[in-house]
Every structure is written in C-alpha cells, then in structure tokens.
Amino acid sequence: MEFLHISDLHYKKRYPFVKDGYASIFNKMTSPIDMLISGFKQIKCDNLSFVLISGDLTENGIEEDYKELKNKLDMLFYGIPYIVTLGNHDNKEMFYKIWKPETNSIYPYGSITNINGINIIALDNSVEGNPDGLITEEHCKWLVRGFEYTKGTKSILMMHHPLIFDRITPVPVVQYPNEFPQIIKKYLPSMILCGHTHNELYGSFEGVLYATAGSMSFKGFQKGNGEVCFREYASANLCKMEGNLISIEEITFTEYKKVLANMQL
Ligand SMILES: [Fe+2]
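Residues numbered from 1 in each chain as written. Predicted model: local features only at pLDDT ≥ 70, side-chain atom pairs only at ≥ 80, totals over all residues. Heavy atoms only, no water.

**Some points on the coordination of the iron ion**
Then, number 1: At the metal site, the iron ion is ligated by Asp56 (OD), Asn88 (OD1), His160 (NE2) and His196 (ND1), and these contacts range over 2.1 to 2.2 Å.
Then, number 2: Around the iron ion, the 4 donor atoms sit at angles spanning 88 to 165 degrees, and that spread fits a shape best called irregular. (Donors = N, O, S within 2.8 Å, 3.2 Å for Na, K, Ca; no water. Tetrahedral: all angles 85-135°; square planar, octahedral: opposite > 155°, others 65-115°.)

**Examining the packing of helix α1 (residues 32–40) against helix α2 (residues 63–76)**
Then, number 1: Two elements in contact, α1 and α2, have axes whose closest approach is 11 Å; the angle formed by their N-to-C orientations is 5 degrees. By the criterion of interaxial angle, the relationship of α1 to α2 is roughly parallel. Taking contact as the criterion, the partners of Ile33, Leu36, Ile37 and Phe40 in α1 are, on α2, Leu69, Lys72, Leu73 and Leu76. (Axes fitted to C-alpha atoms, helices over the stretch in contact; angles between N-to-C directions. Helix = DSSP H or I, 4+ residues; strand = E, 2+ residues; numbered from the N terminus. Parallel < 35°, antiparallel > 145°, perpendicular 65-115°, else oblique. Contact = heavy atoms within 4.5 Å.)

**A closer look at α2**
Then, number 1: Along its 14 residues, α2 runs 20 Å from first to last C-alpha, staying within 8% of the 20 Å computed at 1.5 Å per residue.
Then, number 2: When we look at burial in α2, the residues that qualify are Asp65, Tyr66, Leu69 and Leu73. Projected down its long axis, α2 shows its buried positions confined to an angular sector of 95 degrees, all on one face. Relative to its buried face, α2 has exposed residues pointing more than 90 degrees away, namely Lys67 and Met75.
Then, number 3: In the core, the buried residues of α2 are packed alongside α1, β2 (48–54), β3 (82–85) and α3 (92–99). (Expected span 1.5 Å × (residues − 1). Buried < 20%, exposed > 50% of the residue type's maximum accessible area, 1.4 Å probe, protein only. Arc of directions from axis to C-beta.)

**Remarks on the sheet that holds strand β9 (residues 208–212)**
Then, number 1: Here 6 strands make up an open sheet; going across it, the order is β4-β5-β6-β7-β9-β8 and the pairing mixed. Looking at the sheet topology across the chains shown, the edges are occupied by β4 (111–115) and β8 (201–205). Averaged over all pairs of adjacent strands, the angle between their axes in this sheet comes to 20 degrees, without regard to strand direction.
Then, number 2: In the sheet, strand β6 (residues 154–158) pairs with strand β7 (residues 191–194) via 3 bridges, with the strands oriented parallel. Note that in β7 the partner of methionine 158 across the bridge is leucine 193.
Then, number 3: In the packing of helix α4 (residues 137–149) onto the sheet, the strands contacted are β4, β5 (118–122) and β6, and the crossing angle to β5 comes to about 170 degrees.
Then, number 4: Packing against the sheet, helix α5 (residues 179–187) makes contact with β6, β7, β8 and β9, and its axis sits at approximately 90 degrees to β8. (Pairing = 2+ DSSP bridges.)

**Things to note about the side chain of lysine 92**
Then, number 1: Note on placement: lysine 92 falls in helix α3.
Then, number 2: A relative accessible area of 6% places lysine 92 in the buried class.
Then, number 3: A distance of 2.9 Å separates the side chain of lysine 92 from the side chain of serine 126, its partner in a polar contact.
Then, number 4: Setting aside its immediate chain neighbours within four residues, lysine 92 contacts Leu86, Ser105, Ile106, Tyr107, Pro108, Asp124, Ser126 and Glu128. (Polar contact = N/O pair within 3.5 Å; in protein donor to acceptor, adjacent residues only side chain to side chain.)

Quick look at the structure:
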C-alpha cells in the first residue's frame, strides 16, 4: 500500500505584492497547487491509496481560500481519498464552514478514517493564537478513545505540530502532558506524521517511526548570521506499507529552489 504525505500548503487564492517582511515571501512563490500538479507527474498516482495533508492548508484561514483550495484538491486528487488536519495558519471556524458545512464548530478538528484496513487518526494539535500548538489532556483523552476504537488494526497518527526538534528549521516542538508519550508507547501506531517545520525529518518517537514532510510552499535556510534565506520548496513523503515493512522516500517537486526573500529573524 502506497500513500503520499504532504504538508504546509499555505494556500492563498491570490498572493498580493508585499514590500517586505514575512508576507513578501509569497511575492514570487509558485502556487502550491501548481507545485502539486508538477509533482504528480513524477509519481504513479494510480498506486496511491490516499493522501495525507498535515496542516497549514491556507496562509490566512480565509473562507474564500478554503473554498478555492478544496475545489482544486477535489479535482487534483479525483478518486484518491485525502485527509487533512489543521495548523497554526488555519482557522477552525472557516475550515468547518467549507470542509464540513454540516458542522458549525470552532473546536479542534479530529478525525479517524479507515482506508484499506489502516486507520488514519488525525489529531488537531493547533491552537489559534499559539504558533507552537499544544497537546492537552483533552487531546490525550480523545486519542485514547481513538486508539481503543481502532484497537487490533494498524494506525497512522497525523498532526501538524512536531514532536522532535529539527535543528535545520529550529522552531519549538509542541508541548504535551506526561501521559502523551505513554499513550504512544501503549498503542504503538505504525507511524507518526507531522508538518510545520517545512523540512523533512525522519526519526523515532517512543519507538514509533516518525516523519515530518517538507512543505508545499517555502523553506527557511539559516545563513549563520541570524539571517534566513527563504526559498521556494516543495517536497513530499512517499510512504509504502507492506505488512510490517514501512519505507518513506522523500520526493522533491521543485528542482530549482528559487530565492523568495532574505530576512533577519
Ligand atoms: Fe505551521
């Protein structure tokens, strides 16, 4: 079974010109949808059982951006189920309005989806107003219920904010209560997949295979003098699960990583 893990689209229908600062990154950036279209030419889409998107679907959490993004993803992934979770750039209320119009909510968007016998547990660890996200005791209770519900089957845990520090893109990891690692150790999902760092990282969390995906937008490269060079960047994790064997291959969708902005952070 093969599936694609992508993250951090930071989608906007239009990226208006901004003179400087963070938003100027988007002035010259290729649309994440165009990056996905060119990336899809590199892989055999017929083999994909599903696609996972680990948050920061949009840049500003605006209703019209969710609407446009959902239309484009529905067309692009036609016939391939895709599952999303939310990141710090998303807005829960606007997301529900477009993605789940039957649900009028501002609460975390958690979901459990069974595809070909694999349960994908998407935990929303994003918190509006907190760029680092948070795993609370409530999240832990929800997660235990999810793991109990799917007991005896293989599961994949997906969330936006990362659990392992990445020194290439040194953003804080998500804080969690003591019981969280114990839950992971007890229920042992096959993999934990995260985003947010815009950099691919592979490791192990409490003995479970762990990966972040590079973004579908941009990545910051440290220049060593406090300056960060932001470059266009699109990469994905192509994951294969055969019995107990799991492999992850990083696939780069952009050959030429054009400079978008240099910034002192
Ligand atoms: Fe993020």
